[in-house]
Amino acid sequence: MCDVLNVSSSGYYESLDRQPSARAERHERIKQAVEQVHAESRGIYGSYKIAEEVQKREELESACRNTVAAAMRELGLKSRVSKAFKPTTTQADPTKRAADNKLDRDFTAAEPNRKWVTDITYLPTAVGGSTWRRSSTCSAAR
């Protein structure tokens, strides 16, 4: 094997007893920091956010984004990307007939509580980034 790798056998056996280099020790600390931040984010953070986090926290070994990305590849870590909510509509049954339009856009009423209209709309909100809230409006024509 030493011939294939082009190293001397004495050099190979000497390397077995050698302490890890400062660079190798730093790389291990970086991998531990990356694993810790990835676990704390429940697997959501990618290399950009992990690099930001390790640079902010003094107890963790800081590293640039490329080094963090390399450590993530070595550890087999990936960010979990959540897809934005896309509202689905009810599939219309072609055998059913739609209800008659009795108002025909005439929303005036002789007295209160005679004509009611409603609308359900999906609106993006700032809560939680790309979360959606269902907004239902209901009003009576007067």
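Above: the structure in question.
## Focus: the overall build of the protein
- Tallying secondary structure elements over the protein gives five helices and two strands in all.
- Shown N-terminal to C-terminal, the secondary structure of the protein runs as helices and strands in the order α-α-α-α-α-β-β.
- Scored against the burial criterion, the 142 residues of the protein give a buried share of 15%.
- Long-range contacts, defined as pairs at least 24 residues apart, comprise 44% of the intrachain contacts of the protein with a sequence gap of at least 6.

## Brief notes about the side chain of R57
- Residue placement: R57 occurs in the loop between α4 (47-56) and α5 (65-75).
- Assessed through its relative accessible area of 17%, R57 is described here as buried.
- Reaching out from R57, the side chain makes a polar contact with the side chain of E40 at a distance of 2.7 Å.
- Not counting chain neighbours up to four residues away, the residues in contact with R57 comprise Q36, V37 and E40.

## Here we look at unusual backbone geometry
- Phi at N6 takes a positive value of approximately 60°, unusual for a residue other than glycine.
- Mapped onto the secondary structure, N6 falls in the loop between α1 (2-5) and α2 (9-17).
- Here N6 falls in the exposed class, since its relative accessible area comes to 69%.
- With a phi angle near 65°, N113 is a residue other than glycine that sits in the positive phi range.
- With relative accessibility at 51%, the residue N113 sits in the exposed group.

## With respect to the packing of helix α3 (residues 22-40) against α5
- Close contact between α3 and α5 brings their axes to 9 Å; oriented N to C, the two are set at 80°. By the criterion of interaxial angle, the relationship of α3 to α5 is roughly perpendicular. Only T67, V68, A71, M72, E74 and L75 of α5 make contact with α3, whose side of the interface consists of H27, I30, K31, V34, E35 and H38.
- Of the residues assigned to the contact of α3 with α5, the class counts are six nonpolar, three polar and three charged.

Calculation notes
- Residues numbered from 1 in each chain as written.
- Predicted model: local features only at pLDDT ≥ 70, side-chain atom pairs only at ≥ 80, totals over all residues.
- Heavy atoms only, no water.
- Helix = DSSP H or I, 4+ residues; strand = E, 2+ residues; numbered from the N terminus.
- Buried < 20%, exposed > 50% of the residue type's maximum accessible area, 1.4 Å probe, protein only.
- Contact = heavy atoms within 4.5 Å.
- Polar contact = N/O pair within 3.5 Å; in protein donor to acceptor, adjacent residues only side chain to side chain.
- Axes fitted to C-alpha atoms, helices over the stretch in contact; angles between N-to-C directions.
- Parallel < 35°, antiparallel > 145°, perpendicular 65-115°, else oblique.
- Nonpolar A, V, L, I, M, F, W, Y, C, P; charged D, E, K, R; others polar.

So far we have only geometry, and geometry alone does not tell us how the molecule works.
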